[in-house]
Amino acid sequence: MPEILEVERYRQVAELALGRPVQGAWLVDARYGRGGTTARRLGDALGGRPFVAARRRGKLLLLDSEDGPTVGLRFGMTGALALDGELAIERLRYSPARIARQWVRAVFTFADGGALEVHDPRRLGSVELAPDESRLGPDALSITRRQLTTALAVRDARAAPLKARLMDQARVAGIGNLLADEILWRGALDPTRRSALTAEEVRRAHSSLRATLRLLQRRGGSHTGDLMEQRHQGGRCPTDGRELRHESVGGRTTYWCPGHQR
DNA sequence: ATTGTGGCCTGCCCGC
DNA sequence: TGCGGGCAGGCCACAA
């Protein structure tokens, strides 16, 4: 599903659409608009203007229009982006293997005849004019160790489990369920932990976060982690062969190794 | 204020 | 073979 690595790929593809005047904008599915964003407002705001920048903060893709508002795209779990009829990513995990017209939720057409389309079977994504970017924490692809220290800080013993803090988009923007499990597994950190991390453990978390994102980006996406194929009943730790534990942590299905994650 | 839970959305897989 | 329940997870509303 689209986590930060996939959305970064979408951003790169969206850059190919910069400078091309938008002819029209449609919410094929009216419910796909969020925060009062309607097809009419979208069309009125963008008509005739080109996008001048494609930015990303966490999983939020931001398209700045020339002298106009920014369009925010969220992809949920199954959202895909297609430019001029070509998908930015061929096949998404947890998403149907085919493309169907009825799953196209939003379309931006360009004066040159091309189009940018959002395809989203499960409709968990959305389009929003002028989204509030300030609600998101530092971006996971560029977060510093100091910033991560702050993000993972613990107030008291009732703090949310480590994994929930890592996935909280206001603390760190961009980490989804699969990446969180992979990062904590590589960092040998127990996702259920509520106690504060030592300075050494934060270093480990930061180092694992960076290494994991780099590696999975090179491999081709957030579903290419070593833990991925063990995410099932009886799955085993690729490192020490112990049977993985799996429980809901922070409301999300979580797999981890009870042997080496502490 | 922070944390936890349920619901949304819909295709797919498993067991009967 | 068909059917239905459960599951997948990003994000938000809402409750505690």
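Calculation rules
Residues numbered from 1 in each chain as written. Chains lettered and ligands numbered in written order. Predicted model: local features only at pLDDT ≥ 70, side-chain atom pairs only at ≥ 80, totals over all residues. Heavy atoms only, no water. Helix = DSSP H or I, 4+ residues; strand = E, 2+ residues; numbered from the N terminus. Rg over C-alpha atoms; globule rule 2.2 N^0.38 Å. Buried < 20%, exposed > 50% of the residue type's maximum accessible area, 1.4 Å probe, protein only. Contact = heavy atoms within 4.5 Å. Near = heavy atom within 4 Å. Polar contact = N/O pair within 3.5 Å; in protein donor to acceptor, adjacent residues only side chain to side chain. Nonpolar A, V, L, I, M, F, W, Y, C, P; charged D, E, K, R; others polar. 1 Å grid on protein atoms, 1.4 Å probe; cavity = no way out; pocket = protein on both sides within 12 Å on 5 of 7 lines; lining within 4 Å. Points joined across faces, edges and corners; volume = space filled by probe spheres on them. Pairing = 2+ DSSP bridges. Axes fitted to C-alpha atoms, helices over the stretch in contact; angles between N-to-C directions.

1. Here's the deal with the overall build of chain A
Secondary structure assignment for chain A yields 6 helices and 11 strands. Relative to the compact-globule value of 18 Å for 262 residues, chain A shows a C-alpha radius of gyration of 19 Å, a close match. The burial tally for chain A puts 53% of its 262 residues in the buried class. Across chain A, contacts joining residues at least 24 apart in sequence account for 66% of those joining residues at least 6 apart.

2. Focus: the environment of Glu201
Residue placement: Glu201 occurs in helix 6 (residues 199–219). For the pair Glu201 and Arg214, spaced 13 residues apart in sequence, the C-alpha separation works out to 20 Å.

3. What to know about the protein's contact with DNA strand C
Neighbouring DNA strand C are 18 residues, the closest being Arg34, Arg122, Leu124, Asn177 and Arg252. Put simply, 60% of the atoms of DNA strand C that lie within 4 Å of the protein are in sugar or phosphate. Separating a base nitrogen of DNA strand C from a side-chain N or O atom of Arg122 is a distance of 2.8 Å. Between DNA strand C and Arg252 there is a distance of 2.5 Å, counted from a base nitrogen to a side-chain nitrogen or oxygen. Within the residue set of the surface near DNA strand C, elements represented by two or more residues are helix 5 (177–186) and strand 11 (252–256). In the surface near DNA strand C, the residues fall into 6 nonpolar, 5 polar and 7 charged.

4. Comments concerning empty space enclosed by the protein
On inspection of all chains with the given rule, the structure shows 1 cavity of 30 Å³ or more. Approximately 50 Å³ is the volume found for the largest cavity. Around the largest cavity sit Leu178, Asp181, Glu182, Ser222, Gly225, Leu227, Met228 and Arg231, which together line it. Looking at the lining of the largest cavity residue by residue, the classes come out as 3 nonpolar, 2 polar and 3 charged.

5. Quick word on the sheet that holds strand 4 (residues 70–74)
Here 4 strands make up an open sheet; going across it, the order is 2-3-4-9 and the pairing antiparallel. The sheet terminates laterally at strand 2 (51–57) and strand 9 (126–129), the two strands that pair on one side only. Direction aside, neighbouring strands of the sheet carry axes that sit 20° apart on average. In the sheet, strand 4 pairs with strand 9 via 4 bridges, with the strands oriented antiparallel. Its bridge partner being in strand 9, Leu73 is matched across the sheet by Val127. Against the sheet, helix 1 (residues 4–14) touches strand 2 and strand 3 (60–65), its axis set at about 170° to strand 2. Across the face of the sheet, helix 2 (residues 39–46) comes into contact with strand 2, strand 3, strand 4 and strand 9 while running at roughly 55° to strand 9.

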